[in-house]
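# Geometric and topological summary
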Amino acid sequence: MQAPSSKRFDTNDERWAAVRARDAAADGLFVYSVRSTGVYCRPSCPSRPARRENVAFHDSCADAAAAGFRACLRCRPDQPPLAERQAAAVARACRLIEQAEEQPDLDSLAQEAGMSRFHFHRVFKAHTGITPKAYAAARRAERLKHELAQAPTVTTAAYDAGFNSSARLYAASNEVLGMTPTRFRAGGSGESIRFAVGGCSLGAILVASTAKGICAILIGDDPELLVRDLQDRFPRAELQGGDAEFERTVALVVGFVEAPGIGLDLPLDVRGTAFQQRVWQALREIPAGQTVSYAELAQRLGMPQGARAVASACAANALAVAVPCHRVVRNDGALSGYRWGVERKQALLEREGSR
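As a convention, each chain's residues are numbered from 1 in the sequence order in which they are written. Note on the predicted model: pLDDT of at least 70 is required for a residue's local features to be given, and 80 or more for side-chain atom pairs to be given and counted; whole-chain, interface and lining totals, by contrast, use all residues. Side-chain measures were taken over the full set of non-hydrogen atoms in the model, leaving aside hydrogen atoms and water.

## Quick look at the overall build of the protein chain
Under the DSSP-based scheme used, a helix requires at least four consecutive residues in state H or I and a strand at least two consecutive residues in state E, with every element numbered from the N terminus. Helices and strands together make up the secondary structure of the protein chain, namely 15 helices and ten strands. Buried, partly exposed and exposed residues are distinguished by accessible area as a fraction of the type maximum, computed with a 1.4 Å probe on protein chains only: under 20%, between the cut-offs, and over 50%, respectively. When each of the 355 residues of the protein chain is scored for burial, the buried share is 43%. Any two residues whose heavy atoms approach within 4.5 Å at even a single point are treated as in contact. Counted over contacts in the protein chain with a minimum sequence separation of 6, partners at least 24 positions apart contribute 55%. Reported accessibility uses the Shrake-Rupley method at a 1.4 Å probe radius. Residues are deemed covered only where the shown protein chains occlude them. Only carbon and sulfur atoms are counted for the fraction: they give 49% of the accessible area of the protein chain, which is about 18400 Å².

In structure tokens form, the structure reads like this:
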């Protein structure tokens, strides 16, 4: 939908100025026709500028058509704006990927979208933040998790999720699941997770770690709820209370929460979709003491339409402070959308010196 403009473009002089400037803010408010070509266009049309004496203005496409003009094939004024058409094409491609038993190739997706292979690839990434291949891999991972929970065997789950062989499944399982398919199927059974609950200035804090690194830093008011959250993530994993060595790890995490500027030099076991991991990595690149908006972060990731998707990835983060989603704010600088509470977000930003 075309965003409303503060300008009205009521006079022909204002409209002509908008056409000369190819002002997209005027799109949807009027169209202009060119007598020498017989077509009508959006004000932002990139076509070669017309001479003023050949131009007339119309309040709608219907008025221009009634005057005998046809729609420009370049800016397509009789169709939704380009951004809407591209978003719809990407949405259709996503549905095709989700519904296909085998991953559609890039040429097929581009042809369905009515774009060239290169252009479709660029548009898809701009709207979703990831490539069509990465999106297909993420959807396949989601199907795999679903199938592992209900299929009679791991092999059956692999084929139902779109893996051509068990070998390919096991080769990708660590990245996709964070563990072997058999272990995931058992709810993390056999995986040892050390954890400890302590206190910090923000309330109760739970730190948990696998053999790969820290897999959760949870903050809240009720220690018992934090433990339940960890249990829900790994319902059959072997949860072990922290020993003296792990207590030192927890102390380092708490020290980092109290003074984020010192950094956290500990390995992390970060699990998520390909897109979530891209967002979380971008978050870790934001220096302490700085903030960005969701829109700015989406722009850095090459997806100017993806602010909502970025916000969803931030909300899914289970590594408080280590993956600093508290450094992302609304476009107007206001605080919102923090998993562990806006008050804690405010406190973290204040101690980092960015508020």
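We are not done yet, so read on.
## Some thoughts on unusual backbone geometry
A positive phi is found at Arg22, a non-glycine position, where the angle reads about 50 degrees. Among the secondary structure elements, Arg22 is positioned in the loop between α1 (12–21) and β1 (31–34). By relative accessible area, which is 36% here, Arg22 ends up partly exposed.

## Remarks on empty space enclosed by the protein
Only protein atoms enter the 1 Å grid used here, on which a cavity is any set of points holding a 1.4 Å probe that cannot leave and a pocket is any open set flanked by protein within 12 Å on both sides along at least five of seven lines; residues with an atom within 4 Å of a point are listed as lining. Grid points are joined across faces, edges and corners, and a volume is the space filled by probe spheres set on the points. Going through the model one piece at a time under the given rule, you end up with one cavity of 30 Å³ or more. The computed volume of the largest cavity comes to approximately 30 Å³. In this structure, the largest cavity is lined by Tyr294, Cys314, Ala315, Cys325, Gly337, Tyr338, Arg339 and Lys345. Residue classes in the lining of the largest cavity are distributed as five nonpolar, one polar and two charged. Three residue categories are used. Nonpolar comprises Ala, Val, Leu, Ile, Met, Phe, Trp, Tyr, Cys and Pro, charged comprises Asp, Glu, Lys and Arg, and polar comprises the others, including Gly.

## A few points about the packing of helix α3 (residues 82–99) against helix α5 (residues 117–128)
Where α3 meets α5, the axes come as close as 10 Å, and the angle between the chain directions of the two elements is 90 degrees. Taken as axis vectors, α3 and α5 run roughly perpendicular relative to one another. Residues Ala83, Gln86, Ala87, Val90, Ala93, Cys94 and Ile97 of α3 form the contact with α5, whose own contacting residues are His119, Phe120, Val123, Phe124, His127 and Thr128. For the contact of α3 with α5, the residue count by class is nine nonpolar, four polar and no charged. Orientation is described by lines fitted to C-alpha atoms, with helices fitted over the stretch in contact, and by angles between N-to-C directions that extend from 0 to 180 degrees. Put simply, angles under 35 degrees are roughly parallel, angles over 145 are roughly antiparallel, angles from 65 to 115 are roughly perpendicular, and the rest are oblique.

## Points about the pattern of salt bridges
We define a salt bridge as a contact between a side-chain nitrogen of Lys or Arg and a carboxyl oxygen of Asp or Glu at a distance within 4 Å. Applying the stated criterion to the full structure yields nine salt bridges. Between Arg15 and Asp59 there is a salt bridge; the shortest N-O distance is 3.0 Å. With Arg15 in helix α1 and Asp59 in the loop between β3 (55–58) and α2 (61–66), this pair connects stretches of sequence that are 44 residues apart. You can call Asp59 exposed: its relative accessible area is 51%. The salt bridge partner of Glu53 is Arg51, with a shortest N-O separation of 2.6 Å.

## As for the nonpolar core
The definition of a nonpolar core used throughout is a set of buried Ala, Val, Leu, Ile, Met, Phe, Trp, Tyr and Cys residues joined through side-chain atoms within 4.5 Å. Ranked by internal contacts, the top residues of the largest apolar core, which has 72 residues, are Phe120, Ile205, Val279, Leu283 and Val310. Apart from the residues within four sequence positions on either side, Ile205 is in contact with Ala196, Val197, Gly198, Gly199, Cys200, Ile217, Leu218, Ile219, Leu226, Val253, Val254 and Val257. Grouped together as the second largest cluster of nonpolar side chains are 15 residues, Ala18, Tyr32, Cys41 and Cys75 included.

## Structural notes on helix α11 (residues 244–258)
For α11, spanning 15 residues, the distance from its first C-alpha to its last is 21 Å, which sits close to the expected 21 Å at 1.5 Å a residue. Every buried residue of α11 is accounted for by Phe246, Thr249, Val250, Val253, Val254, Phe256 and Val257. Down the axis, α11 shows its buried residues gathered within 155 degrees of arc, on one side only. Away from its buried face, by an angle of more than 90 degrees, α11 presents the exposed residues Ala244 and Arg248. If you follow the buried residues of α11, they end up packed against β5 (192–200), β6 (203–209), β7 (214–220) and α15 (342–352). A helix's residues, less one, multiplied by 1.5 Å, set its expected span. As used here, the arc belongs to the directions running from the helix axis to the C-beta atoms.

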